[in-house]
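# Structure at a glance
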Amino acid sequence: MGPGDTVDGRVFHVKLPGHDAMARRAEEQVVPTRVLLPRRVVDRPGRQVAKRLLMALLVLATTVMIVWLDRDGYTDNADGKVDLLDAVYYATVTLSTTGYGDIVPQSDGARLLNVVLVTPLRVVFLIILVGTTLEVLTERTREDFRLKRWRSNLRDHTVVVGFGTKGRSAIQTLRSTGLAKEQIVIVDPASKVIDAANAEGYTGVVGDATRSDVLLRAELQKARQIIIATQRDDTAVLVTLTARQLNRGAKIVAAVREEENAPLLRQSGADAVITSASAAGRLLGLSVLSPSAGTVMEDLIQQGSGLDLVERPVIKAEVGKSVRETEDLVVSVLRGHRLLGYDDPAASPLQLTDRLITIVRATRPSGDGPSLPHLPMPPHHRP
């Protein structure tokens, strides 16, 4: 979709930012789509190679010692005697399965030691030599198994498109409410960004989120909520259209830079649209007029500390009561698709199917002590 495209028969113009270096770099690089699960901690490649080399030398030294101690049981076709160099030579060609036949075990004891000790050492030596290939195959099989298990167990998760400042902040807010890292999947076109997400314990999908196959790799069709935090507004529109087509029931929240693009996002299927530029501007203006009010607003939108905005259902004890009779500080009442202010006459009495938007004190995570009490209502809000 570009400027001047139509949605539902109407023409919309998407205002594009003049400069967006990150978006341009993402467009210039075509990255193959793939799913990257958080990696487990393993040794560095150099350390792994050093360990294998040391094990191979240890096996070789052991074989040389066995042959040298039983050198009287071997014969050399050249001179009939086996010295230390001949023992090293025999151990080398034997472990590598070359076997020229110029030095052979002659006595019964030497042949028995070859069967009991040298042959197992030869097998161990070969395993060490091909260990890298075996590890790659094993790791690939293990990753395929993890990926299949991840796909089968993943449902009702959260898909975050874009792991920039907005995406990270949204994830931090979700994590503060108790959402596990395993329930978050990040989609971004930059491999380095997904690597950073993996390092923090998140599953990532490298690819263009405007393509349905990329979103399907993130199991978006089974997601409960989708956060779209792209760098460009037109990209956000395309991602929203694609996401809504794949998942009709998920809650989609999108961010845009320009406020005039917000209606287009809603037409594309977003349940909520946040205008990042204007929201920051309003907070700046409020902070100029009243720094304290700006601090309170910033506290409200920062989940998990100080004051929190919380949406909760109406409990049975509150049914039939007015908004002012609740224990919490109610800001709004969500009734069906209507959002009623606390002072709206239609908001009271409360119904069992209503949901309340309240201001409460942030609760501490489990294990950090008792939760803080609810925020008391100011005198003007009490009955």
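Residues numbered from 1 in each chain as written. Predicted model: local features only at pLDDT ≥ 70, side-chain atom pairs only at ≥ 80, totals over all residues. Heavy atoms only, no water.

Per an unreviewed UniProt entry, the chain is named Potassium channel family protein, and its organism is Streptomyces bacillaris. In its Subcellular location (unreviewed entry) section, UniProt records this for the chain: "Cell membrane". (UniProt positions renumbered as here; feature names shortened; annotations may be inferred.)

With 22 residues, helix α4 (residues 108–129) extends 30 Å between its outermost C-alpha atoms, agreeing within 8% with the 32 Å of an ideal straight helix rising 1.5 Å per residue. Its axis deflected by about 40° at N114, α4 carries its strongest bend there. Those residues of α4 not exposed but buried are A110, N114, V118, L121, F125 and I128. (Helix = DSSP H or I, 4+ residues; strand = E, 2+ residues; numbered from the N terminus. Expected span 1.5 Å × (residues − 1). Bend = angle between axes of the 7 residues up to and from the residue. Buried < 20%, exposed > 50% of the residue type's maximum accessible area, 1.4 Å probe, protein only.)

The subject of this paragraph is the side chain of T94. Summarising the element assignment, T94 is placed in helix α3 (residues 84–95). T94 sits in the buried class, given a relative accessible area of 8%. Within the structure, T94 has its side chain in polar contact with the backbone oxygen of Y90 (distance 2.6 Å). Sequence-distant contacts of T94, defined by excluding residues within four places in its chain, comprise V118 and R122. (Polar contact = N/O pair within 3.5 Å; in protein donor to acceptor, adjacent residues only side chain to side chain. Contact = heavy atoms within 4.5 Å.)

Locating T240 in the fold gives a position in helix α9 (residues 233–246). Excluding its chain neighbours within four sequence positions, the residues that come into contact with T240 are I228, I252, A254, L265, S268, G269 and A270. Here the side chain of T240 touches A236 through a polar contact of 2.7 Å, landing on its backbone oxygen.

Reading across the sheet, the four strands line up as β12-β15-β13-β14 and stay open at both edges, with antiparallel pairing between neighbours. Sheet topology places β12 (307–313) and β14 (338–341) at the edges, where each strand pairs with a single neighbour. The mean angle between the axes of side-by-side strands here comes to 25°, regardless of whether they run parallel or antiparallel. (Pairing = 2+ DSSP bridges. Axes fitted to C-alpha atoms, helices over the stretch in contact; angles between N-to-C directions.)

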